[in-house]
Amino acid sequence: MASLAPLPHPRPSLSPTRRFRTLSLRSVAPRLFVSNAIAGGTSLHWPQKEKINLSKYVNESFHEEGDWESLDADVYHWTRSLRPVQWYPGHIAKAEKELKEQLKLMDVVIEVRDARIPMATSHPQMDSWLGNRKKILVLNREDMISTADRNSWANFFTRQGIKVVFANGQLGMGTMKLGRLAKLLATGVNTKRRAKGLLPRPVRAGIVGYPNVGKSSLINRLLRRRMCPAAPRPGVTRQLKWVRFGKDLEFLDSPGILPMRIRDQAAAIKLAICDDIGERSYDAADVAAILVQMLTRLPAVGSDTLCKRYRIDSDGRCGKIFLEKLALHLFNGDVSHAAVRVLSDFRKGKFGWIALERPPR
């Protein structure tokens, strides 16, 4: 039988008002933890004291932008006891070195991020590499987020003076706007060349970003033919490649670049959830359990949506318990298969199209 016990709750510092509100909400529901033993399945790596209750009260309270701060703090807390997610294949180190050399030749840089997790797919060193070069930010997979999410991020980046384009690399939405904007930002290049008596040349635009955020798909859609290898998994592009777009624009397709060490494990978990990092770098059951806990906190999804889709009860349960029940219900107790199903369903939009981040305040 499950026993009840208080859960130590270390988390990042919050403002006094936010701290009072967060603690008062969590004092409503008890913490629930159970045994890790599952017949015929794979045990999860969550220590028993780390089980988080997923009762419906969180949905009722999640109605302000500030609640995203609370959710982010919880994700940070849930990852503390898990094996760190790290992925840095050998080709990335070589590609990063070559990319930094090529960036010196760029007129404009196009940074592509995943619209579901724009902050988690932001390389911490990118701004230092770019210096004063003009940059266009592309939030790809705009079809995978809601209109409210899109407007929220558009307003956030506009206030910062960042040129942002929402795109769908699979269907080609936003690609023509991206091409026009790249040419517009680099108009001064050939003006200076003519002043020096030099012939005009195509504008050079480098496309950079994390693995599997859709860089190659965007280029292929712009060119209207498959010039760059693309597949729905990270690590497909392994070499830098120049491609010509008409007479006026050249693109540099580059492999996905990750930090050698991901220090923000909350961001790493989001990368795993959205399939923007190699699957060998994480335990699917751990990641899926956190995803379940996040989804139950979001009003657009909630525990009812999970219950209806899988026809099991999730009220008052933690992510680990939910996966155990799903495994027994559909996969003969195999938690790994249950975890892969939940992750796959999220990536396919079976719970609705939602972002896992909102702009910081």
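Thresholds, definitions, all that
- Residues numbered from 1 in each chain as written.
- Predicted model: local features only at pLDDT ≥ 70, side-chain atom pairs only at ≥ 80, totals over all residues.
- Heavy atoms only, no water.
- Core = buried A, V, L, I, M, F, W, Y, C linked by side-chain atoms within 4.5 Å.
- Buried < 20%, exposed > 50% of the residue type's maximum accessible area, 1.4 Å probe, protein only.
- Helix = DSSP H or I, 4+ residues; strand = E, 2+ residues; numbered from the N terminus.
- Contact = heavy atoms within 4.5 Å.
- Salt bridge = Lys/Arg side-chain N within 4 Å of Asp/Glu carboxyl O.
- Pairing = 2+ DSSP bridges.

- Looking at an unreviewed UniProt entry, one finds the protein chain named DAR GTPase 3, chloroplastic isoform X2 and attributed to Phoenix dactylifera.

## A word on the nonpolar core
Moving on, step 1. Counting residues in hydrophobic clusters, the biggest one holds 76 residues, and the most contacted among them are Ile110, Ile136, Val138, Phe251, Ile273, Ile277 and Phe346.
Moving on, step 2. Of all the elements, helix α11 (residues 284-297) adds the most residues to this core, at nine residues.
Moving on, step 3. Excluding its chain neighbours within four sequence positions, the residues that come into contact with Phe346 are Arg116, Ile273, Cys274, Leu291, Leu295, Phe351, Ile354 and Leu356.

## A short note on the pattern of salt bridges
Any two side chains of opposite charge can pair if their charged atoms end up close together.
Moving on, step 1. Overall, the coordinates contain 16 salt bridges when judged by the stated rule.
Moving on, step 2. Residue Glu111 pairs with Lys135 through a salt bridge whose shortest N-O separation is 3.1 Å. A residue pair is termed long-range when its members are at least 10 positions apart, and Glu111 in strand β3 (residues 108-114) and Lys135 in strand β4 (residues 134-140) qualify at 24 residues.
Moving on, step 3. Across the salt bridge formed by Arg141 and Asp114, the nearest N and O atoms sit 2.8 Å from each other. Pair noted here: Arg141 is in the loop between β4 and α6 (147-159) and Asp114 is in strand β3, with a separation of 27 residues, a long-range link.

## Describing the pairing of strand β6 (residues 203-209)
Successive residues of a regular strand alternate their side chains across the two faces of the sheet.
Moving on, step 1. In terms of burial, β6 is a largely internal element, six of the seven residues being buried.
Moving on, step 2. When β6 meets strand β8 (residues 249-253), the two strands line up parallel, connected through five bridges. Bridging from a neighbouring strand, Val203 pairs with Leu249 of β8.

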